[in-house]
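Spelled out from the first residue to the last, the chains are:
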Amino acid sequence: MDALKQELKENIIEQLNLEDMSPEDIANDDMLFGDGLGLDSIDALELIVMLDKSYGIKLTDPKEGRAIFESIDTMAAYITEHRTK
Amino acid sequence: MSKGVAITGMGIISAIGNNVAENYHALINGNKGISRVKKIKTNHVNDIMVGEIAFTNSEFEQQLHLSSDNNYSRTAFLGVVAAKEAIKNAGITDINAYKTGLVSATSVGGMDMTERYFYDYLENKATQKYIEGHHAGDSTQKIAEQLGIEKSLVTTISTACSSAANSIMLGARLIKSGLLDRVIVGGADCLSKFTINGFKTLMILSDTYNTPFDENRKGLNLGEAAAFLVLESDAVVQAENKTVLAYVKGYGNANDAYHQTASSDNGDGAFLAMEKALKVADFTPADIDYINAHGTATGNNDLSEGRAIIRVFGEHVPDFSSTKAYTGHTLAAAGAIEAVYSVLALQNNVVYPNLNFETQMKEFDMTPQLELKEKPLKTVMSNSFGFGGNCSTVIFSKEQ
Amino acid sequence: MKQVYINSIGSISGQKTFDNNEFLNDIVDYEDNVISVIDPIYKDYIPPAAARRMAKGIKMGVVASKIALQDAGLENVDAIITGTGMGCVRDSEKFVSAIIDNDEQYLTPTSFIQSTHNTVGGQIALELQCKGYNFTYVHGSNSFESALLDAKLQLENNEEHNILVGGVDELGDHTVTIHKLINHIKPHAVKSSELLKSNSVGAVFAEGANFFVLSNEKQASSYAEVTAVKLFNTLTKAEITKAATDFLAENNLEVSDIDILILGNNGDIEHDGYYHELQSGPFKNTQQVYYKHLCGEFNTASSFGFWLASKIIKTQSLPESVKLNNIKQASFKTILLYNQYRGENHSFTLLKQC
């Protein structure tokens, strides 16, 4: 699980061009959207593609992403349960 | 700046017809032009529906008597067909008899050829002719050439899905200022893999018929189309004893300045655009008889636009409908397509039905017009909004 | 009708023009057929959260506009009008190649969103929170002039007071590669100072952003007055001279009233003939100036010419590096600009000391 969380942090930083950040700057329970990391709806769409491409999880409704992408913890838990690759 | 801006001709090609008469026939009979995509090979064929025009590029080539070495994009073909109809409809025989300009709009431009030959260009000399046809101004230059507009003001606007509404706005300004006597205004956009995949990544494409202002709306259908209007000054109308179809009475442009693609919750930009248009027309909200809404059938647009309409019109929202269920969202051309529909509504005193509507939206209680309605119309407001926060409203009127 | 003034400038180009305190003091002499801009420190102007999705053209446009706003002493403007010939080519290339390379799978929205032609105008509005009029013109080498004309009409009619107007285009790798194939780009490297002696087809491609605050109120920082701009979709070489003198006549001017003629020569032997008509014709005794050896060619390169004219009038100085001939001129009060690209989309612009 810890390896997955580290991997998620690295992928998020790369995928979303968070140039000035490193994985250490993101705590597992940090809010990714809103007041936390400040991600927005376009980032959410980027993360949906990341779920599909890296873990074989397909979301059809962007609204489903809200709870899943709350934090690194919630993402890792969801991926662990639903991944197909 | 009190001069009138008369509309004396119109031309259109869309998924519901190849000319003005065919489009009107489809509108009043509730015939939509939405189907599975046939001309573009895409993996998403079963996931989306589109408003596609039946003619192939080679059929257009024949219609326009172009030699086979032409480098027309589909956007250019559509634009030329619609612009030529507009000129004919306006009874113009000598285009250069008056100071005549052209303002077109496009977002796709020559992307249909660029995406087809992107890598092919590197090794195939035969396709390289399309490289010059990529940029957005290319189709406009071709339309000007086909209409015989020379040594004049010709330009192109690209503000995403509000583009053609903005060409009407600039055209009106050019006539009011006295810079030109006549301006052909409109827009053209063809379907492309680029826009299909782009809107797909935004997850706002419906897999079935789009349902504007419906609670369960699933997103938009992309469409391809072109439409042009001939705007003329009072002086030309008088000198030529022209029949005036309608007037461009008001226009307003504002930026939502909220998000790159999404509209703000309260539709600030839309609200400002409508308010400005009313001010330019010197109208109050009560003067508007029908709103041809942007109504793309995305969750975000219809809610934001609906709220903005309520902010402007309060308890007295006039009859409104979106015609996107007929044509799909024709992007940069939409403002011109819906301008033609607005003028037709004025001429025939009809309000078009908002097709495919089933369930009332829960956020507000205003309901679009669901059946074809005949009533005397003096004014129509047409909204067009786009990415980048671009919001535009144009008001058409029967009387000057 | 109100007068229209250039109240400020902001330029990012192949020269170090982003510093408004300088005026082509040190010229960079390139030897290439493609020229990139000299970058300002974008981070000084754009917060990282906003910058992370921006391709080069968007950054250039946003920063040039911020420099122009600072120079005018303004926090905001009433309207934003942008010209861009090719739009956001980098994101367009990225999205098209992703569609093809991945067979329409695993595509992400960012490059699509950023690829639309009005991205720069929209991003400036977003950064400034400017809810006013916002247009983007995309008509080849008349993109900037279309924006200029639109702004001028609105300011003259007193519809708005301060309008941000600019031209921006960026280089993209694929776009450069394919334009080399069709000889729009010179087949060989050219020294900037010898551009007009290159004796070959095509141009030295480049990128840049030049933004201006135009206003109908003159202020201490004002550079010049914009008295006229006129666009032509077509003109033949034989018609150029008459078009130029007619344009002057419409503005109650004669050739002798023009202190400087600024021309868009780009060293393309197939198309520079348009400029030669004016150079050797009625304006042969006028001080002539060129600039595309400094900023390269792109659809909105004429906005660099507009920047140059503004600077010359305000500073009353003429850098040696831009002179095409040497006609002694006591002062620089009236400047005529002429530009075209590949024989299409011609424009005349007239600036006056204010």
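Residues numbered from 1 in each chain as written. Chains lettered and ligands numbered in written order. Predicted model: local features only at pLDDT ≥ 70, side-chain atom pairs only at ≥ 80, totals over all residues.

*Asks:* Can you lay out the overall build of chain A for me, pointing to particular residues and giving the numbers?
*Replies:* Along chain A, the regular secondary structure elements total four helices and zero strands. Ordered by position in the sequence, the α and β elements of chain A form the string α-α-α-α. In terms of overall size, chain A behaves like a compact globule, its C-alpha atoms giving a radius of gyration of 12 Å where 85 residues would be expected to give roughly 12 Å. The C-alpha extent of chain A, read off along each of the three principal axes, is 30 × 25 × 20 Å. Counting all 85 residues of chain A, 28% fall into the buried class. (Helix = DSSP H or I, 4+ residues; strand = E, 2+ residues; numbered from the N terminus. Rg over C-alpha atoms; globule rule 2.2 N^0.38 Å. Buried ≥ 20, exposed ≤ 12 C-beta atoms within 10 Å, placed from the backbone.)

*Asks:* Tell me what's going on with the overall build of chain B, and back it up with residues and numbers.
*Replies:* Of regular secondary structure, chain B possesses 12 helices and 15 strands. At 20 Å, chain B has a C-alpha radius of gyration in line with the 21 Å of a compact globule built from 400 residues. With the C-alpha coordinates of chain B rotated into their principal frame, the extents come out at 60 × 55 × 40 Å. A separation threshold of at least 6 residues defines the contact pool for chain B, and within that pool the share at least 24 residues apart is 80%. (Contact = placed C-beta atoms within 7 Å.)

*Asks:* How would you sum up the interface of chain C and chain A? Please name residues and give values.
*Replies:* If you look at the interface, chain C gives nine residues, while chain A gives 12 residues. If you list the elements that add at least two residues to the side of chain C that touches chain A, you get helix H1 (48-51) and helix H4 (110-115) of chain C. The residue inventory of the side of chain C that touches chain A, partitioned by class, reads five nonpolar, two polar and two charged. (Nonpolar A, V, L, I, M, F, W, Y, C, P; charged D, E, K, R; others polar.)

*Asks:* Give a detailed account of the interface of chain B and chain C, specifying residues and quantitative values.
*Replies:* In this complex, chain B contributes 54 residues to the contact, which on the side of chain C involves 50 residues. Elements represented by at least two residues in the side of chain B that touches chain C include exactly helix H4 (111-117), helix H5 (137-147), strand E5 (154-157), helix H6 (163-176), helix H7 (193-201), strand E9 (246-255) and helix H9 (268-281) of chain B. Counting residues per element, the side of chain B that touches chain C draws most heavily on H7 of chain B, which supplies five residues.

*Asks:* Outline the nonpolar core, listing residues and values.
*Replies:* Residues and elements named next belong to chain B. If you look at the biggest cluster of nonpolar residues, it comprises 257 residues, and the most contacted ones within it are Leu229 and Val340. In this structure Leu229 touches Ile7, Gly9, Met10, Ala86, Ile168, Val185, Gly186, Ala336, Ala339 and Val340, once residues within four positions along its chain are discounted. Counting residues in hydrophobic clusters, the runner-up holds five residues, among them Met113, Tyr121, Tyr130 and Ile131. (Core = buried A, V, L, I, M, F, W, Y, C linked by C-beta atoms within 7 Å.)

*Asks:* Summarise H7 of chain B; cite the residues concerned and give the values.
*Replies:* For H7 of chain B, the tally of buried residues reaches nine of nine residues, placing the bulk of the element in the interior. Every buried residue belonging to H7 of chain B is among Lys193, Phe194, Thr195, Ile196, Asn197, Gly198, Phe199, Lys200 and Thr201 of chain B, and all of these are buried. Against helix H2 (41-55) of chain A, H4 and strand E7 (222-223) of chain B together with helix H3 (89-101) and H4 of chain C lie the buried residues of H7 of chain B. Downstream of H7 of chain B by one or two residues, Met203 of chain B has phi in the positive range, about 55°.

*Asks:* Break down the domain arrangement of chain B for me, citing the residues and quoting the values.
*Replies:* All names here are of chain B. When cut into domains, chain B gives domain 1 (5-240) and domain 2 (249-397). Between domain 1 and domain 2, the C-alpha centre-to-centre distance is 21 Å. Each partner contributes to the interface: domain 1 provides 62 residues, whereas domain 2 provides 55 residues. For the side of domain 1 that touches domain 2, the secondary structure elements donating two or more residues are strand E1 (5-13), helix H1 (20-29), strand E3 (50-51), H6, strand E6 (182-189), E7 and strand E8 (225-233). Per element, the largest residue contribution to the side of domain 1 that touches domain 2 is seven residues, and it comes from H6. Residues that form the side of domain 1 that touches domain 2 fall into these classes: 34 nonpolar, 22 polar and six charged. (Domains from an automatic or database assignment.)

*Asks:* Could you give me a rundown of the UniProt feature "domain: Carrier" (unreviewed entry) in chain A, with the residues and numbers involved?
*Replies:* If you check UniProt for "domain: Carrier" (unreviewed entry), the listed places come out as residues 2-83 of chain A in our numbering. Here residues 2-83 of chain A is 54% helix and 0% strand, with 16 Å between the C-alpha atoms at its ends. (UniProt positions renumbered as here; feature names shortened; annotations may be inferred.)

*Asks:* Would you mind going over the pairing of strand E6 (residues 162-169) of chain C in detail, with residue names and values included?
*Replies:* Successive side chains on a regular strand alternate, one facing one side of the sheet and the next facing the other. All names here are of chain C. Here E6 lies mainly inside the structure; eight of its eight residues are buried. Residues Asn162, Leu164, Gly166 and Val168 line one face of E6 and the alternating positions Ile163, Val165, Gly167 and Asp169 line the opposite face, and both faces are buried. Judged from the five bridges that link them, strand E4 (residues 79-83) and E6 form a sheet pairing that is parallel. Bridging from a neighbouring strand, Ile81 pairs with Val165 of E6. The pairing of E6 with strand E9 (residues 208-215) spans eight bridges and is antiparallel. In the strand pairing of E9, Gly166 is matched with Phe211. (Pairing = 2+ DSSP bridges.)

*Asks:* Quick one: what's the story with the environment of Ile149 of chain B, residue by residue and with numbers?
*Replies:* Mapped onto the elements of the fold, Ile149 of chain B is located in the loop between H5 and E5. Residue class for Ile149 of chain B comes out buried when judged on the 24 C-beta atoms lying within 10 Å of it. In the structure, Ile149 of chain B is positioned 84 residues away from Ser233 of chain B in sequence and 17 Å away in space, judged by C-alpha atoms. Not counting chain neighbours up to four residues away, the residues in contact with Ile149 of chain B comprise Ile95, Thr100, Leu102, Ala144 and Val154 of chain B together with Asn233 of chain C.

*Asks:* With reference to specific residues and values, describe the sheet that holds E3 of chain B.
*Replies:* Residue and element names in this part refer to chain B. On the basis of which strands lie adjacent, the open sheet formed by three strands has the order E2-E3-E7 and mixed pairing. Edge positions in the sheet fall to strand E2 (34-35) and E7, since each of these pairs with one other strand and no more. One ladder, built from two bridges, connects E3 with E7; its direction is parallel. What sits directly across from Gly51, in E7, is Gly223.

*Asks:* Which residues make up H3 of chain C, and what are the values?
*Replies:* A rise of 1.5 Å per residue sets the reference length of H3 of chain C, with its 13 residues, at 18 Å; its end C-alpha atoms lie 18 Å apart and thus fit the reference within 8%. All buried positions along H3 of chain C are accounted for by Val89, Arg90, Asp91, Ser92, Glu93, Lys94, Phe95, Val96 and Ile99 of chain C. Against H4 and H7 of chain B together with helix H2 (56-72), H4 and helix H7 (173-181) of chain C lie the buried residues of H3 of chain C. Backbone geometry just downstream of H3 of chain C places Asp103 of chain C in the positive-phi region, at approximately 50°. (Expected span 1.5 Å × (residues − 1).)

*Asks:* Which residues make up unusual backbone geometry, and what values go with them?
*Replies:* Residue and element names in this part refer to chain B. Non-glycine residue Lys151 carries a positive phi angle of around 50°. On the secondary structure map, Lys151 appears in the loop between H5 and E5. Judged by the 15 C-beta atoms lying within 10 Å of it, Lys151 is partly exposed. Here the phi dihedral of Ala297 falls at roughly 80°; this positive angle occurs in a residue that is not glycine. Turning to its location among the elements, Ala297 is positioned in the loop between strand E10 (290-292) and helix H10 (299-313).

*Asks:* Explain the confidence of the model for chain B residue by residue, including any values.
*Replies:* A residue-level look at chain B finds 100% of positions with pLDDT of 70 or above and a mean pLDDT of 97. For this predicted complex, the interface score ipTM comes out at 0.98, while the overall pTM is 0.98. (pLDDT = per-residue confidence, 0-100.)

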